[in-house]
Amino acid sequence: MLVVLIARDKPGALEIRKANRDAHLAYLKETGCVQQAGPVMEDGAMAGSIIVLDVPDMAAAEAWAAGDPYGKAGLFASVELSEWNRVIG
């Protein structure tokens, strides 16, 4: 199943994002379930994340989110996981 993760950074947390970016990108690659990923941009600066996961169920998506270095570092003010239906692409 496809699940979209939509996360918003805490205000003023850009340094947390930068400090954990390499670990986050490695996690995206090594877990093998990320279909698409990228930062949410506001005024030209990274301010959140959108990630599309291909996982067996919502519990797997929740476990993936719990293991994300960004989440572990306390970067996000909010994280939303929703089942997603690809229509184009």
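Treat the numbers as computed from the prediction; the structure is a model and nothing was measured.

1. Regarding the UniProt feature "domain: YCII-related" (unreviewed entry) in the protein chain
What UniProt calls "domain: YCII-related" (unreviewed entry) maps, in this numbering, to residues 1-85. As a span, residues 1-85 carries 38% helix and 42% strand, and end to end its C-alpha atoms are 9 Å apart.

2. Comments concerning the nonpolar core
Generally speaking, a soluble globular protein has its nonpolar side chains buried in company with each other. Ranked by internal contacts, the top residues of the largest apolar core, which has 16 residues, are Leu5, Ile51, Leu53, Val55 and Trp64. The set of elements that each furnish at least two residues to this core consists of strand E1 (2-9), helix H1 (14-31), strand E3 (45-54) and helix H2 (58-67). Every residue in contact with leucine 53, bar those within four places of it in the chain, is listed here: Met1, Leu2, Val3, Cys33, Val34, Gln35, Ala61 and Trp64.

3. So, the packing of aromatic side chains
Applying the stated criterion across every chain yields a total of two aromatic pairs. Ring centres of tyrosine 27 and tryptophan 64 lie 4.9 Å apart, and the angle between their planes is 40 degrees; this geometry places the pair in the tilted category. Linking tyrosine 27 in helix H1 with tryptophan 64 in helix H2, this pair joins segments that are 37 residues apart in sequence. Here the two residues tyrosine 27 and tryptophan 64 agree in accessibility, since each one is buried. With a centroid separation of 6.1 Å and 85 degrees between ring planes, the pair formed by tyrosine 70 and phenylalanine 76 is classed as edge-to-face.

4. Notes on H2
Of all the positions in H2, only Ala61, Trp64, Ala65 and Gly67 are classed as buried. Take H2 and look down its axis: the buried residues cluster within an arc of 165 degrees, on one side only. Those residues of H2 that are buried are in contact with E1, H1, strand E2 (34-42), E3, helix H3 (69-72) and strand E4 (76-84). A distance of 3.3 Å separates the backbone nitrogen of alanine 59 from a side-chain oxygen at the start of H2, and that oxygen is part of aspartate 57.

5. Observations regarding the pattern of salt bridges
Using the criterion set out here, one finds three salt bridges in the structure. Salt-bridge contacts for aspartate 9 lead to arginine 17; the nearest nitrogen and oxygen are separated by 2.8 Å. Here glutamate 15 makes a salt bridge to lysine 18, at a shortest N to O gap of 3.7 Å. Of this pair, glutamate 15 and lysine 18 both sit in helix H1, separated by three residues, roughly a single helical turn.

What counts and how
Residues numbered from 1 in each chain as written. Predicted model: local features only at pLDDT ≥ 70, side-chain atom pairs only at ≥ 80, totals over all residues. Heavy atoms only, no water. UniProt positions renumbered as here; feature names shortened; annotations may be inferred. Helix = DSSP H or I, 4+ residues; strand = E, 2+ residues; numbered from the N terminus. Core = buried A, V, L, I, M, F, W, Y, C linked by side-chain atoms within 4.5 Å. Buried < 20%, exposed > 50% of the residue type's maximum accessible area, 1.4 Å probe, protein only. Contact = heavy atoms within 4.5 Å. Phe/Tyr/Trp six-rings, centres within 6.5 Å; stacked < 30°, edge-to-face > 60°. Arc of directions from axis to C-beta. Polar contact = N/O pair within 3.5 Å; in protein donor to acceptor, adjacent residues only side chain to side chain. Salt bridge = Lys/Arg side-chain N within 4 Å of Asp/Glu carboxyl O.

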